Amino acid sequence: LLVATILLCLYATVLYLTVGQRGYDTVLTDLAVRFTEGKVSMSIHKLPPRDISNYYSNFYVYFGPLSSLMLMPFVYIFGENMPQLFLCVFSMIVSFVCVYLISRKFKFEKIDSLWLSVFFVFSTVLFSSSVINITAYQVEALGVPFILLAITTYLYKRNAFFIGVFIALALLTRITL
């Protein structure tokens, strides 16, 4: 298990350094900066090359605001150099824990649940969506843990309110999730 974890970490590092650094995308961070200024449109001086819509000379991002709202406290504290990839680390950790809990609920052994969690996080498109710095991928990768949290809540607590909140949060990341 230790060897597999080390190999996955090396794979993640290589993928991040080769593919993840292409086109440093800062749309979510820039939008979080605008939110802290009390504005909801993008600054005309820092327009991204994609994923924006022009509406009466105001430029808006296609995706939901949750990703930028989650970045706001960090952007306020650390400034606009805060990498938006930070959210994906959170996304992968929550996804790992949720898949583990879901598989344990289905009576899988602990080691099998652990392997399922590892494979879900590191062997699916979730991993590449998390480490490639493209906004469209990152908002999708952030929506996955909210869906998994809704499933986990259904299996363990059956609390309709929290299930609805988690699904609503997932939709606030990207409506086409």
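The structure under discussion appears in the preceding block.
About the thresholds
Residues numbered from 1 in each chain as written. Predicted model: local features only at pLDDT ≥ 70, side-chain atom pairs only at ≥ 80, totals over all residues. Heavy atoms only, no water. Helix = DSSP H or I, 4+ residues; strand = E, 2+ residues; numbered from the N terminus. Rg over C-alpha atoms; globule rule 2.2 N^0.38 Å. Buried < 20%, exposed > 50% of the residue type's maximum accessible area, 1.4 Å probe, protein only. Contact = heavy atoms within 4.5 Å. Lys, Arg positive; Asp, Glu negative; His and termini not counted. Charge placed at Lys NZ, Arg CZ, Asp CG, Glu CD. Pairing = 2+ DSSP bridges. Patch = residues over 30% accessible without salt bridge, like charges linked within 9 Å, V, L, I, M, F, W, Y side chains within 5 Å. Areas by Shrake-Rupley, 256 points an atom, 1.4 Å probe, with all protein chains shown as cover. Salt bridge = Lys/Arg side-chain N within 4 Å of Asp/Glu carboxyl O.

Caption draft 1: Representation of the overall build of the protein chain in the model. Within the protein chain, the secondary structure is distributed over eight helices and two strands. Counting helices and strands in the order they occur from the N terminus, the protein chain gives α-α-β-β-α-α-α-α-α-α. Taking 16 Å as the expected radius of gyration for a compact globule of 177 residues, we find that the protein chain reaches 18 Å, a close match to that expectation. Buried residues in the protein chain amount to 40% of all 177 residues. Once local pairs closer than 6 in sequence are excluded, the contacts in the protein chain between residues at least 24 apart make up 64%. Counting 12 positive and 8 negative side-chain charges, the protein chain places the centres of these two groups 9 Å from one another.

Caption draft 2: Quick look at the pairing of strand β1 (residues 52-55). Here four bridges tie β1 to strand β2 (residues 58-61), and the two strands are oriented antiparallel to one another. Across the sheet, Asn 54 pairs through a bridge with Phe 59, a residue of β2. Linking β1 to β2, which pair antiparallel, is a turn of two residues; within it Tyr 56 sits at a positive phi near 50 degrees.

Caption draft 3: Representation of a nonpolar patch on the surface in the model. On the surface, a cluster of nonpolar side chains totalling about 500 Å² of accessible area is made up of Ile 147, Ile 151, Ile 167, Leu 171, Ile 175 and Leu 177. Breaking the nonpolar patch down by element, the ones donating at least two residues are α7 (135-156) and α8 (160-173). In this structure, Ile 167 sits in helix α8. Given a relative accessible area of 37%, Ile 167 falls into the partly exposed group.

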